[in-house]
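Close look at the chain arrangement
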Amino acid sequence: MVLKLYGHTVSSATKRVACIANELKVPYELVTIDLFSGEHKWAAALEKQPFGELPWIDDGGFVLYESRAICRYLVAKYGPSSSLVPKDLTGNAKFEQAASIEICNFEPYAHVIAIEKLIKPASGAQPDETMVKENLDVLSSKLDAYEVILSKQTYLAGDASCIPHLTLADLFHLPKGAMVTAAGINVLEDSNDRPNVARWWKALTSRSSWRAVKDGA
């Protein structure tokens, strides 16, 4: 039975899961939950995802929500030999460190920028430029730390004793980072200010798994 991904084609978290499914070559069926009608808040959806968010999966009767948890599950089940989640003690510790970097130092600020610069205008509302500036200033300072890390290694997870390679922690950045870029903010692409961040970002956005879903999961 094919994996069912309940989400929406424009949902950033749905794209996160779809990207990892493609990375692992796991076929899936996208079951559309209509964000614009508020279907994700209806009783039937809340039975599967009690927080009223997208996405969730149904894998042969096993239901799971939260996009990053789903991605970890997909690697564990469908890519047990994959290095997207390292299995050795130190490699896994470095992966979890990198995953924490993404969710604590990138996602919160990129999310606000995406809401203000893309989501609000699409619904006819005016962005709060003060909020944009405040969050962009913080994100820029965080990316300065990314530049230090990425000046020493190719990807976020790993160090001199643990050869760095692509992991979920890197790929987790793609949906919200792409929204920041789509808003005309080039903090991820500016090779003059942060050449190593720009190199890393180009490598991520060039992956076929992302290119297949970037315009719709």
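All residue numbers here refer to positions counted from 1 along the written sequence of the relevant chain. For this predicted model, a pLDDT threshold of at least 70 governs which residues receive local features, and a threshold of 80 or more governs which side-chain atom pairs are given and counted, while totals over whole chains, interfaces and linings are taken from all residues. Hydrogens and water molecules were not included; the side-chain quantities draw on all heavy atoms of the structure.

Quick notes on the nonpolar core
- L74, Y146, L168, L188, W200 and L204 are the most contacted members of the largest nonpolar core, which totals 51 residues.
- An automatic or database domain assignment is the source of the domain bounds shown. When residues of this core are assigned to domains, at least three map to each of domain 1 (3-79) and domain 2 (89-212).
- In what follows, residue pairs with any heavy atoms lying within 4.5 Å of each other are defined as contacts. Once residues lying within four places of it in the same chain are set aside, the contact partners of L168 are I20, C71, R72, V75, L84, V85 and F95.
- Residues grouped as a nonpolar core are buried Ala, Val, Leu, Ile, Met, Phe, Trp, Tyr and Cys residues, joined through side-chain atoms within 4.5 Å. When a residue's accessible area, from a 1.4 Å probe over protein chains only, is under 20% of the maximum for its type it is buried; when over 50% it is exposed; and in between it is partly exposed. With five residues, the next largest nonpolar core counts Y6, I33, A45 and L54 among its residues.

Quick notes on the pairing of strand β1 (residues 3-7)
- By the criterion of burial, β1 is predominantly enclosed, with four of the five residues buried.
- One ladder, built from five bridges, connects β1 with strand β2 (residues 28-32); its direction is parallel. When the bridges of β2 are listed, G7 appears paired with T32.
- Crossover handedness is defined here as right-handed if the route from the first strand over the helix to the second strand goes clockwise, with the strands pointing away from the viewer. The secondary structure listing takes helices from DSSP runs of H or I that are at least 4 residues long and strands from runs of E that are at least 2 residues long, numbered from the N terminus. Of the crossover connections in this fold, the one passing from β1 over helix α1 (residues 12-23) to the parallel β2 is right-handed.
- Where β1 meets strand β3 (residues 56-59), three bridges bridge the pair, whose relative direction is antiparallel. Bridging from a neighbouring strand, K4 pairs with D58 of β3. Think of it this way: DSSP has to see at least two bridges between two strands before they count as a pair.

A look at the pattern of salt bridges
- Salt bridge, as used here, is a side-chain nitrogen of Lys or Arg placed within 4 Å of a carboxyl oxygen of Asp or Glu. What the rule picks out here adds up to twelve salt bridges.
- Ionic pairing is found between R68 and E102, a salt bridge with its closest N-O pair at 2.9 Å. Taken as a pair, R68 in helix α3 (residues 67-78) and E102 in helix α4 (residues 89-105) lie far apart in primary sequence, 34 residues in all. Each of the two residues, R68 as well as E102, counts as buried.

Quick word on the UniProt feature "domain: GST N-terminal" (unreviewed entry) in the chain
- UniProt positions are given in the numbering used here, feature names are shortened, and annotations may be inferred rather than shown by experiment. The UniProt feature table records "domain: GST N-terminal" (unreviewed entry) at residues 1-82.
- The distance separating the terminal C-alpha atoms of residues 1-82 is 22 Å; by composition the span is 37% helix and 22% strand.

Details of the sheet that holds β2
- Read from one edge to the other, the open sheet built from four strands follows the order β2-β1-β3-β4, with strand pairing classed as mixed. In this open sheet, the two strands that pair with only one neighbour each are β2 and β4 (62-65). Taking the axes of each pair of neighbouring strands and ignoring which way they run, one obtains an average angle of 20 degrees across the sheet.
- One ladder, built from four bridges, connects β3 with β4; its direction is antiparallel. Paired with W56 across the strands is Y65, a residue of β4.
- Every angle, taken between N-to-C directions, lies between 0 and 180 degrees, and every axis is a line fitted to C-alpha atoms, over only the stretch in contact when it is a helix. In this fold α3 packs onto β1, β3 and β4, with an angle of close to 135 degrees to the strand it touches most, β4.

Regarding the domain arrangement of the chain
- Its domain assignment divides the chain into domain 1 (3-79) and domain 2 (89-212).
- Taken together, the contact between domain 1 and domain 2 spans eleven residues of the former and 18 residues of the latter.
- R72 is the salt-bridge partner of E96, the closest N and O atoms lying 3.1 Å from each other.
- Any N or O atom pair separated by 3.5 Å or less is treated as a polar contact, with the protein-specific requirement of one donor-capable and one acceptor-capable atom, and with residues adjacent in sequence counted only for side-chain atom pairs. At the boundary of domain 1 with domain 2, the tally comes to six residue pairs in polar contact (both at pLDDT 80 or more).

Structural notes on α1
- One fewer than the residue count of a helix, multiplied by 1.5 Å, yields its expected span. Between the first and last C-alpha of α1 there are 16 Å, a value that for twelve residues agrees with the 16 Å anticipated at 1.5 Å per step.
- Residues of α1 that are buried: S12, A13, T14, K15, R16, V17, A18, C19, I20, A21 and E23.
- Trailing α1 by a residue or two, K25 shows a phi angle of about 60 degrees, which is positive.

Describing the packing of α4 against helix α5 (residues 107-122)
- The N-to-C vectors of α4 and α5 enclose an angle of 40 degrees; their axes lie 4 Å apart at closest approach. Across from E102, I103, C104 and N105 in α4, the residues of α5 making contact are E107, P108 and Y109.
- Each residue gets one of three labels, nonpolar for Ala, Val, Leu, Ile, Met, Phe, Trp, Tyr, Cys and Pro, charged for Asp, Glu, Lys and Arg, and polar for the others, Gly among them. Residues that form the contact of α4 with α5 fall into these classes: four nonpolar, one polar and two charged.

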